[in-house]
Structures are given as C-alpha cells and as structure tokens.
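Take a look at the letters that make up each chain.
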Amino acid sequence: MIGRLATNPAVIVLVILAVLSLVGAVWGIQTSVSDQGITTQGEPTDEQLWQLRLMRIAALLPSIATFVGVAALLGILVIASASRRPTAPSRSGALT
Amino acid sequence: MSEGATTGIDPRFDPRFQRGYTGHEVSEASRADAASAPLPAVARVPEPPESVRSRMAPSRDPAADPAIEISARAAGVDDDPETFSGWIAEAEPASEAGADAPFRAAWAVSAAAVAIGAALFWAGISSFDYFGPSNEADRVLQTVSWSVAPSLIEVGCLGVVVMLVWTGLRRARAQAAPRPARGAEAVVAPGVPAERA
C-alpha cells in the first residue's frame, strides 16, 4: 500500500502541502511571539512598515496553515484507505 | 415399422442414409436416379406486391442511405487500421471532456479563491499606513481585505486540498481496480487499455 501511495502524485503533493503548512504555522507563531512592536517618532521607515506587514501575515498564517495541514493529512489517509485492494475471500468463504 | 420402408430404398434420396442400406446393392444407376429425382416440393414465400417492393428497395441516394456511404468508403479506402482509428477517436474526447468539466471547474474555483484572497490581502497590506487609512478608499479596501481575504484564502486552500484528494482517489481507484484477463484485453483491442483511469 505504501508503494502505491508513493506512486500517487496527488499524495506526494499533499505530503508537501502538509509539511509546508507545518513550517508556515511554526514560523507564524514564532514571529508573532517574538514581536516587540514598533517605536517610531514621526513617519515610519520602509523597514518598519515591512515589519508591520510581516506581522500581519504572521498573524494570519498559523490558522490557515493548521487548517490546511490537518485537511491534507486527512486527505492522505482517505487516499490510503481507497488504495487498499479488495481482499480475496478465503476458501472457507470468510474474508481474510 | 412398415415392410416397404425397411426393404425399399427411396431413389430420391441418398441410399446410404436410408434404413435397409447394406452397401452392396448400390449401383451407379441408383445414384443417377437419386440425382435426377425431383426435389420435394417446398413452400415458397410469395413475392411481395409492387407497392411494397418499391418501398423495400434501397435508395440510391448516398446521403439518405448510410449503407451506400459505408460501402463506398470501404471500397475507396484500404483496410489500414489507421483508417478506422479516426472513427474511434472522434467520440472518446467528447465524453471525457463532459465528465471532467466539474472536475476542472472545481480546480478553477479553488485556484481563483486563493488568488483573489491573496490579492485582496496584499492590497490591504500595501495600503496600510501606520497612522491609519488616509482616505475613504483605503479604509474600504482594508476593511474588505481584513474581513474577506482570510476566508477566501482558507476556503481556496481547502478546495485545493479537496481537489488533490479527489485526484488521488481517482488514481487510487484506477490502480486498485482488478485488471481484466489477458484474453479479454486482447479481444477488446490490441494496444488499447480496457479501462481508462
């Protein structure tokens, strides 16, 4: 079954998506936790503005990444369940 | 049963297949008699009347009669298998395209949701000002961006995952399906898979 899953391109993409989601969620949480805020006098610089935008992205990313990661994991399990070949009945008639 | 039936040989039929045949009394004369004997009367189907025959007669117009068109095509073209491959290839893409239309539409909707959500989110970030929105348009844009963009991105990503699962399931079902026997595959068509994924 693992071999059939490994040859399924959709499963490979889902695995990549799950890993990327995990990395994105961890990065977003770390960035949000390490946020020190911006102290500026007058007009903020471009660097400070980009830091602010990054904080917005980091605040949005963990929820979406967690959602997508769990969905991708569930999808992999569903495909794995569907990839199982139907077992042949034994001679006594019972399914093995 | 009757004496005549056991002793007499009917000259109209082959004596080898008649009761009482021993093989010794067969002569060339009896065979000639059998050959020249009149055939038994057979009820013939009466000829249809002229009005019916005119309706039964095939039309000579190739456009109205597909049999004439097919026979003319067969006479004009050789028996190369590539000649017939076009007949088969015409119908298949239409059915597959019809079956895959919802599949492609779902991919398109998912990708559009992700793209629109990301664009809205980026527009909201780009127009962000440290001291608040400078005009009414920026205020509307940022409000829409913060409220709609996350949901669009989330639903679009979920749609992409679902479509990937759908694609994987189609492939898994094609792999898990029992393969037909070699003989059956050979009968269907050489070189053509019996089942399309």
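One can find the structure itself at the top, above this paragraph.
The present account deals with the structure reproduced in this document. Bear in mind that the values here come from a model prediction, so they are computed numbers and not experimental data. (Residues numbered from 1 in each chain as written. Chains lettered and ligands numbered in written order. Predicted model: local features only at pLDDT ≥ 70, side-chain atom pairs only at ≥ 80, totals over all residues. Heavy atoms only, no water.)

Looking only at helices and strands, one finds seven helices and zero strands in chain B. The 197 residues of chain B split such that 18% are buried. Considering only residue pairs separated by 6 or more positions, chain B has 49% of its internal contacts joining residues 24 or more positions apart. Here chain B has roughly 14200 Å² of accessible surface; of this, 63% comes from carbon and sulfur atoms. (Helix = DSSP H or I, 4+ residues; strand = E, 2+ residues; numbered from the N terminus. Buried < 20%, exposed > 50% of the residue type's maximum accessible area, 1.4 Å probe, protein only. Contact = heavy atoms within 4.5 Å. Areas by Shrake-Rupley, 256 points an atom, 1.4 Å probe, with all protein chains shown as cover.)

Turning our attention to helix α3 (residues 46-82) of chain A. Side chains three or four residues apart in an α-helix point the same way, a direct result of the helix having 3.6 residues per turn. A rise of 1.5 Å per residue sets the reference length of α3 of chain A, with its 37 residues, at 54 Å; its end C-alpha atoms lie 52 Å apart and thus fit the reference within 8%. Where α3 of chain A bends most, the angle comes to about 35 degrees, and this point is Leu61 of chain A, followed within four residues by the proline Pro62 of chain A. (Expected span 1.5 Å × (residues − 1). Bend = angle between axes of the 7 residues up to and from the residue.)

Right, let's get into the interface of chain A and chain B. Across the boundary between the two partners, chain A contributes 33 residues, which contact 24 residues of chain B. Elements supplying a minimum of two residues to the side of chain A that touches chain B: α2 (9-33) and α3 of chain A. Considering each element in turn, the side of chain A that touches chain B owes the most residues, 16 residues, to α3 of chain A. Tallied by class, residues from the side of chain A that touches chain B come to 21 nonpolar, six polar and six charged. (Nonpolar A, V, L, I, M, F, W, Y, C, P; charged D, E, K, R; others polar.)

Opposite charge on two side chains lets them pair, provided their charged atoms get close. All names here are of chain B. For the structure shown, the criterion picks out four salt bridges over all chains. Ionic pairing is found between Arg12 and Asp10, a salt bridge with its closest N-O pair at 3.0 Å. The exposure class of Arg12 is partly exposed, given its relative accessible area of 41%. With a relative accessible area of 21%, Asp10 lands in the partly exposed category. Arg16 serves as the salt-bridge partner of Asp14, at 2.8 Å between the closest nitrogen and oxygen. (Salt bridge = Lys/Arg side-chain N within 4 Å of Asp/Glu carboxyl O.)

Right, let's talk about the packing of α3 of chain A against helix α6 (residues 136-176) of chain B for a bit. At a minimum axis separation of 9 Å, α3 of chain A and α6 of chain B run at an interaxial angle of 15 degrees. Between α3 of chain A and α6 of chain B, the crossing angle belongs to the class labelled roughly parallel. The handedness of the crossing between α3 of chain A and α6 of chain B comes out as right-handed. Broken down by class, the residue content of the contact of α3 of chain A with α6 of chain B amounts to 20 nonpolar, two polar and two charged. (Axes fitted to C-alpha atoms, helices over the stretch in contact; angles between N-to-C directions. Parallel < 35°, antiparallel > 145°, perpendicular 65-115°, else oblique. Left-handed = near helix turned anticlockwise from the far one by under 90°.)

This part takes up the nonpolar core. Counting residues in each nonpolar core, the largest one holds 22 residues, and the members touching the most others are Leu14, Ile64 and Ile79 of chain A together with Phe121, Ile153 and Val161 of chain B. Of all the secondary structure elements, the ones that give two or more residues to this core are α2 and α3 of chain A together with α5 (81-126) and α6 of chain B. In terms of residue count, the dominant contributor to this core is α3 of chain A (eight residues). Sequence-distant contacts of Leu14 of chain A, that is, excluding residues within four places in its chain, are made with Ala72, Gly75, Ile76 and Ile79 of chain A together with Val161, Leu164 and Val165 of chain B. (Core = buried A, V, L, I, M, F, W, Y, C linked by side-chain atoms within 4.5 Å.)

Turning next to the packing of aromatic side chains. For any pair of aromatic rings, the description consists of the separation of the ring centres together with the inter-plane angle of the planes. Per the stated rule, a full pass over the model turns up three aromatic pairs over all chains. Ring centres 4.9 Å apart and planes at 85 degrees place the aromatic pair Phe103 of chain B and Trp166 of chain B in the edge-to-face group. Taken together, the residues span a long stretch of sequence, with Phe103 of chain B in helix α5 and Trp166 of chain B in helix α6 at a distance of 63 residues. Seen from their ring centres, Phe121 of chain B and Trp146 of chain B are 5.9 Å apart, and the 75 degrees between their planes marks the pair as edge-to-face. Placement of Phe121 of chain B in helix α5 and of Trp146 of chain B in helix α6 is noted, with a sequence separation of 25 residues between them. We classify Trp146 of chain B as partly exposed; its relative accessible area is 28%. The side chain of Arg53 of chain A reaches across the aromatic face of Trp50 of chain A, ending 4.9 Å from its centre. Cation over ring: Arg56 of chain A sits above Trp146 of chain B, and NZ or CZ is 4.4 Å from the ring centre. (Phe/Tyr/Trp six-rings, centres within 6.5 Å; stacked < 30°, edge-to-face > 60°. Lys NZ or Arg CZ within 6 Å of the ring centre and 35° of its normal.)

Glancing now at the packing of α2 of chain A against α3 of chain A. Residues and elements named next belong to chain A. Interhelical geometry of α2 versus α3 gives an angle of 150 degrees and a closest axis separation of 7 Å. Considering the angle they form, α2 stands roughly antiparallel to α3. Along this stretch, α2 crosses α3, giving a crossing that reads as left-handed. Considering only residue class, the contact of α2 with α3 consists of 20 nonpolar, eight polar and no charged.

The next thing to look at is a nonpolar patch on the surface. A contiguous nonpolar surface patch, about 280 Å² in accessible area, is contributed by Ile12, Ile16 and Leu20 of chain A. Examined against the element boundaries, Ile16 of chain A turns out to sit in helix α2. (Patch = residues over 30% accessible without salt bridge, like charges linked within 9 Å, V, L, I, M, F, W, Y side chains within 5 Å.)

What follows concerns the side chain of Gln18 of chain B. Residues and elements named next belong to chain B. Assignment of secondary structure puts Gln18 in the loop between α1 (3-7) and α2 (28-36). Owing to a relative accessible area of 17%, Gln18 belongs among the buried residues under this scheme. Polar contacts involving the side chain of Gln18 include one to the main-chain carbonyl oxygen of Phe13, which spans 3.1 Å. Here Gln18 is in contact with Ile9, Asp10 and Phe13, once residues within four sequence places are set aside. (Polar contact = N/O pair within 3.5 Å; in protein donor to acceptor, adjacent residues only side chain to side chain.)

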